[in-house]
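Here's the letter readout for the chains.
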Amino acid sequence: MASLLIVGGGIGGLAAALGIARAGHEVMVLERNDRFAELGAGIQLAPNGIAALDRLGLGAMVRERAVHIDHLRFMDGVTGEHVVSMPLTEDYRRRFGNPYVVVHRGELHRMLYAACLASPGVRLRAGAAVTAYDQDDTGTTVVLKTGERISGDAVIGADGIRSAIRRQLVGDGEPRVSGITVYRCLIPIDVVPDELRWNAVTWWAGPKCHFVHYAIAGGRYLNLAASSDDAATQPVAGVPVEKQLVQILFAGLDAAPRQLLALGEDWKAWVLVDRDPVDNWTDGRVTLLGDAAHPMLHYAAQGACQALEDAVLLGDLLDCSTAELVRRFDRYSHERRERTAAVQRVSRESIELWHPAGTEAKARNDMLSSMSATQLHDHVAWMHGARYFGGALLTGGASG
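Conventions adopted
- Residues numbered from 1 in each chain as written.
- Predicted model: local features only at pLDDT ≥ 70, side-chain atom pairs only at ≥ 80, totals over all residues.
- Heavy atoms only, no water.
- Salt bridge = Lys/Arg side-chain N within 4 Å of Asp/Glu carboxyl O.
- Helix = DSSP H or I, 4+ residues; strand = E, 2+ residues; numbered from the N terminus.
- Buried < 20%, exposed > 50% of the residue type's maximum accessible area, 1.4 Å probe, protein only.
- Pairing = 2+ DSSP bridges.
- Axes fitted to C-alpha atoms, helices over the stretch in contact; angles between N-to-C directions.
- Contact = heavy atoms within 4.5 Å.
- Expected span 1.5 Å × (residues − 1).
- Bend = angle between axes of the 7 residues up to and from the residue.
- pLDDT = per-residue confidence, 0-100.
- Core = buried A, V, L, I, M, F, W, Y, C linked by side-chain atoms within 4.5 Å.
- Disulfide = S-S within 2.5 Å.
- Phe/Tyr/Trp six-rings, centres within 6.5 Å; stacked < 30°, edge-to-face > 60°.
- Lys NZ or Arg CZ within 6 Å of the ring centre and 35° of its normal.

### As for the pattern of salt bridges
Line of reasoning, step 1. Overall, the coordinates contain 23 salt bridges when judged by the stated rule.
Line of reasoning, step 2. R176 serves as the salt-bridge partner of D274, at 2.7 Å between the closest nitrogen and oxygen. In this pair, D274 is assigned in strand β18 (residues 268-274) and R176 in strand β13 (residues 176-188), connecting sequence segments 98 residues apart.
Line of reasoning, step 3. Judged by relative accessible area, which is 1%, D274 ranks as buried.
Line of reasoning, step 4. With a shortest N-O distance of 2.7 Å, D274 and R348 are connected by a salt bridge.

### Here we look at the sheet that holds strand β17 (residues 237-240)
Line of reasoning, step 1. Spatial ordering of the open sheet is given by β6-β5-β14-β15-β16-β13-β18-β17, a layout of eight strands whose pairing is mixed. Of all strands in the sheet, those with a lone pairing partner are β6 (82-87) and β17, marking the two edges. Direction aside, the axes of adjacent strands within the sheet are offset by 20 degrees on average.
Line of reasoning, step 2. Strand contacts of helix α8 (residues 255-263): β13, β14 (200-206), β15 (209-216) and β16 (221-228), with the helix running at about 65 degrees to β15, the strand carrying the most contacts.

### A few points about the environment of P99
Line of reasoning, step 1. Mapping P99 onto the fold places it in the loop between α4 (90-96) and β7 (101-104).
Line of reasoning, step 2. Beyond its immediate chain neighbours, meaning those up to four positions away, P99 contacts L45, A46, P47, I50, R63, H68, Y92 and R93.

### A look at helix α10 (residues 325-349)
Line of reasoning, step 1. Over its 25 residues, α10 extends 36 Å from the first C-alpha to the last, a length consistent with the 36 Å expected when each residue adds 1.5 Å.
Line of reasoning, step 2. Along α10, the helix axis deviates most sharply at R337, where the bend reaches about 40 degrees.

### Observations regarding the confidence of the model for the chain
Line of reasoning, step 1. Here the chain averages 94 in pLDDT, while 97% of its residues score no lower than 70.
Line of reasoning, step 2. Ignoring residues within four places in sequence, the model shows residues 391-400, a span with pLDDT below 50, making 22 contacts including any to other chains.

### Section: the pairing of β18
Sheet faces and side chains relate simply in a regular strand, where the side chains alternate between the two faces.
Line of reasoning, step 1. In terms of burial, β18 is largely enclosed, as five of its seven residues are buried.
Line of reasoning, step 2. By the bridge criterion, six bridges tie β13 to β18 in an arrangement that is antiparallel. Bridge pairing in β18 places V182 opposite W270.
Line of reasoning, step 3. For β17 and β18, the ladder comprises three bridges, and the chain directions are antiparallel. Bridge pairing in β18 links P240 to K268.

### A look at the nonpolar core
Across soluble globular proteins, you tend to see nonpolar side chains buried next to one another.
Line of reasoning, step 1. If you look at the biggest cluster of nonpolar residues, it comprises 70 residues, and the most contacted ones within it are I6, L45, V62, L108 and V142.
Line of reasoning, step 2. V62 has contacts with L45, I50, L53, V101, L108 and M111, leaving out every residue within four places of it along the chain.
Line of reasoning, step 3. In this structure, A46, Y92, Y100 and I351 belong to the second largest nonpolar core, which totals 33 residues.

### Quick notes on helix α13 (residues 373-384)
Line of reasoning, step 1. Taken together, the buried positions of α13 are L376, H377, V380, A381, W382, M383 and H384.
Line of reasoning, step 2. Buried residues belonging to α13 abut α2 (47-55), β6, α4 and α10.

### Structural notes on the state of the cysteines
Line of reasoning, step 1. The full count for this structure, using the stated rule, is zero disulfides.
Line of reasoning, step 2. Among the cysteines around C116, which has no disulfide bond, C305 carries the closest sulfur, lying 18 Å off.
Line of reasoning, step 3. With a relative accessible area of 0%, C116 lands in the buried category.

### Points about the sheet that holds strand β20 (residues 286-288)
Line of reasoning, step 1. Strand order in the open sheet formed by six strands is β8-β2-β1-β12-β20-β19, and the pairing between neighbours is mixed. Strand pairing shows two members of the sheet lacking a second neighbour, β8 (122-125) and β19 (282-283), which therefore form its edges.
Line of reasoning, step 2. In this structure, strand β1 (residues 3-7) lies alongside strand β12 (residues 154-157), joined through four bridges in parallel fashion. Counterpart to L4 in the pairing with β12 is A154.

### Points about unusual backbone geometry
Line of reasoning, step 1. One non-glycine residue with positive phi stands out, namely A231, at about 60 degrees.
Line of reasoning, step 2. Relative to the helices and strands, A231 is located in the loop between β16 and β17.
Line of reasoning, step 3. Looking at A231, the relative accessible area reads 55%, which means it is exposed.

### Quick word on the side chain of E309
Line of reasoning, step 1. The topology assignment puts E309 in helix α9 (residues 303-317).
Line of reasoning, step 2. The residues touching E309, leaving out its near neighbours within four places in the chain, are N48, A52, R336, R339, A386 and F389.

### Section: the environment of A154
Line of reasoning, step 1. On the secondary structure map, A154 appears in strand β12.
Line of reasoning, step 2. Look at A154 and you get buried, because its relative accessible area is 0%.
Line of reasoning, step 3. When the C-alpha positions of A154 and T138 are compared, they lie 9.6 Å apart, and in sequence the two are 16 residues distant.
Line of reasoning, step 4. When neighbours within four sequence positions are excluded, A154 is seen to be in contact with S3, L4, L5, T140, R285, L325 and F329.

### Regarding the packing of aromatic side chains
Line of reasoning, step 1. Evaluation of the coordinates by the stated rule reveals seven aromatic pairs.
Line of reasoning, step 2. Judged by centre distance (4.9 Å) and plane angle (75 degrees), the ring pair of Y92 and F96 falls under edge-to-face. Remark: F96 and Y92 occur in helix α4; sequence separation between them is four residues, near one turn of the helix. Exposure class is identical for Y92 and F96. Each is buried.
Line of reasoning, step 3. Positioned above the aromatic ring of W198, the side-chain terminus of R73 is 4.2 Å from the ring centre.

Here it is as structure tokens:
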């Protein structure tokens with residue numbers, strides 16, 4: 001039995017703790033904040049994410065509490081035209097073995113937190129901000145902001161896009177600023193007109209902007225996220241903004257999306273950041289997970305799913321002795337890098353789909369509207385259909 005330290009108590013860190021504890025090891029999760037909590041609103045989980053949660057023992061609970069989505073619905077945000085919808089019901093669920101769901105990020109985090117509290121192999125410690133690590137042939141030590149040192153056999157950095165562990169391990173500086181600002185808020189579903197209550201994740205695509213909405217929290221709220229390609233150069237996170245600014249920025253959209261945007265109140269803004277893929281995120285007894293390893297823009301809706309995949313594969317690979325940890329960490333990084341890099345690239349490239357104008361937007365609409373449901377499912381199969389989460393097998397259906 002090994003003793004592992006996980007730096008970061010978000011979705012990825014807690015999932016990794018569950019996976020590794022199930023492999024028979026002891027895990028301590030160190031969270032920088034004074035309590036374990038997850039900020040944010042809605043989170044989309046494709047079948048690959050549900051499959052990972054099944055492996056962690058939480059799939060049934062998530063299916064019960066989440067909103068099961070019927071379509072991914074693509075709209076021309078300027079004309080109001082319905083361009084195409086990807087059905088997510090019978091054929092999709094049969095092919096990929098699970099539904100496509102949305103859940104409140106905080107609710108998923110609470111499920112993982114409760115499972116960790118119930119696991120005898122997991123210890124949770126808040127108010128423990130890690131700034132660095134040391135290692136030698138016998139073990140590892142993390143250094144807290146207070147100067148305290150905590151030792152274990154290995155370290156997993158799951159401390160987000162500005163990871164202190166990554167800063168020391170990879171050393172690639174600050175994240176890349178995307179130049180896109182996203183404005184988010186939640187509105188009660190009761191205020192949404194009946195004709196706009198679609199059981200779908202809906203995109204309204206416009207010139208250098210797009211707007212996404214879907215129901216969360218058991219259908220009690222509508223999650224709104226409006227993105228503006230505004231060439232922002234400074235990262236901000238969760239900054240309150242006036243609703244009038246949001247209405248002005250997206251005034252060029254059709255009446256229906258503007259009607260929904262006008263219902264929003266407590267808007268907050270984020271300037272999106274990510275990083276370039278790297279070939280290796282392991283250093284001996286230290287490795288990275290989730291956003292610390294492969295941070296991505298949210299446009300492929302795969303950030304949480306990829307962190308959950310990391311956690312499951314680590315749990316599988318660490319069914320080993322302490323002496324094997326270094327070799328298994330190397331294998332983990334090697335097996336995950338191709339798949340996660342591909343998702344990072346797709347997340348960036350999707351902007352070209354959402355934000356064109358004029359003749360380019362028409363060409364996009366013509367291309368998308370010509371695709372059948374099977375072709376749309378084929379397009380996402382490599383992401384949504386994965387069951388083995390390493391690099392050797394990137395696609396597969398329910399029986400894959």
